[in-house]
Amino acid sequence: MDCIFCKIIAGEIPSFKVYEDENVLAFLDIAPVNPGHTLVVPKKHYENMEEILEAELCKLTVVIKKIGKAVKDSLGAEGYNITENNGPVAGQIVPHLHFHVIPRRQDDGLKLWPQEKYGEGEAEEIVKKIKNGI
Ligand code: 5GP
Ligand code: ZN
């Protein structure tokens, strides 16, 4: 399969690995938002959150938690963002599920997305739709 992260997992493409077990690999992002920006991936190829089996996601989440604490404590960060871009429209470029763990510092200048307000009755309508979709 022509997947860059599968190739990294197979060792065909080099990476800076920070953690590995039977199911999960964590390695440095090649183009970090901040130094220590780490990608956590399942070793099995799942394209996105909808594809991954719940049991696999649980194992992945346990590692994400460990990496978050490690990048914070060992790199002198004050916090971290955990993000997953799900689908191309959400900014997913590599179609192999991965979580970004990004160490954060007060003065790193990184800004998150702008936010808006709901109009009259809009939140109620949206809640109805989401509940029907679960
Ligand atoms: P996405 O936009 O799909 O959520 O994030 C993909 C991430 O993978 C990007 O942050 C990008 O820098 C990283 N990336 C892409 N190709 C490689 C690679 O060959 N090696 C490593 N270590 N990271 C990569
Ligand atoms: Zn893959």
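For the structure, see preceding data.
Read on for an overview of the structure. (Residues numbered from 1 in each chain as written. Chains lettered and ligands numbered in written order. Predicted model: local features only at pLDDT ≥ 70, side-chain atom pairs only at ≥ 80, totals over all residues. Heavy atoms only, no water.)

A short note on the coordination of the zinc ion (ligand 2)
Here is step 1: Note on the zinc ion (ligand 2): its protein donors are Cys3 (SG), Cys6 (SG), His45 (ND1) and His96 (ND1). The metal-donor distances range over 2.0 to 2.3 Å.
Here is step 2: With 4 donor atoms in place around the zinc ion (ligand 2) and angles of 103 to 117° between them, the coordination shape is tetrahedral.
Here is step 3: Between consecutive donors of the zinc ion (ligand 2), the numbers of intervening residues give the motif C-x2-C-x38-H-x50-H. Placement of the pair is cysteine 3 in the segment before helix H1 (4-9) and histidine 45 in the loop between strand E3 (38-42) and helix H2 (54-75), with a sequence separation of 42 residues.
Here is step 4: Since its relative accessible area comes to 26%, histidine 45 is described here as partly exposed. (Donors = N, O, S within 2.8 Å, 3.2 Å for Na, K, Ca; no water. Tetrahedral: all angles 85-135°; square planar, octahedral: opposite > 155°, others 65-115°. Helix = DSSP H or I, 4+ residues; strand = E, 2+ residues; numbered from the N terminus. Buried < 20%, exposed > 50% of the residue type's maximum accessible area, 1.4 Å probe, protein only.)

Re the site of ligand 1
Here is step 1: What surrounds ligand 1 is a group of 16 residues, the closest being Asp29, Gly91, Ile93, His98 and His100.
Here is step 2: At 2.9 Å from an oxygen atom of ligand 1 is found a side-chain nitrogen or oxygen belonging to asparagine 85.
Here is step 3: In the environment of ligand 1, an oxygen atom lies 2.7 Å from a nitrogen or oxygen atom belonging to the backbone of glycine 91.
Here is step 4: Its free accessible area being 520 Å², ligand 1 has 83% of it covered by the protein chains.
Here is step 5: Secondary structure elements with two or more residues in the shell around ligand 1: H1 and strand E2 (24-28).
Here is step 6: The element that contributes the greatest number of residues to the shell around ligand 1 is H1, accounting for 3 residues.
Here is step 7: Partitioning the shell around ligand 1 into residue classes produces 10 nonpolar, 5 polar and 1 charged. (Near = heavy atom within 4 Å. Polar contact = N/O pair within 3.5 Å; in protein donor to acceptor, adjacent residues only side chain to side chain. Areas by Shrake-Rupley, 256 points an atom, 1.4 Å probe, with all protein chains shown as cover. Nonpolar A, V, L, I, M, F, W, Y, C, P; charged D, E, K, R; others polar.)

Honestly, that's just the spatial picture; any functional story needs more than this.
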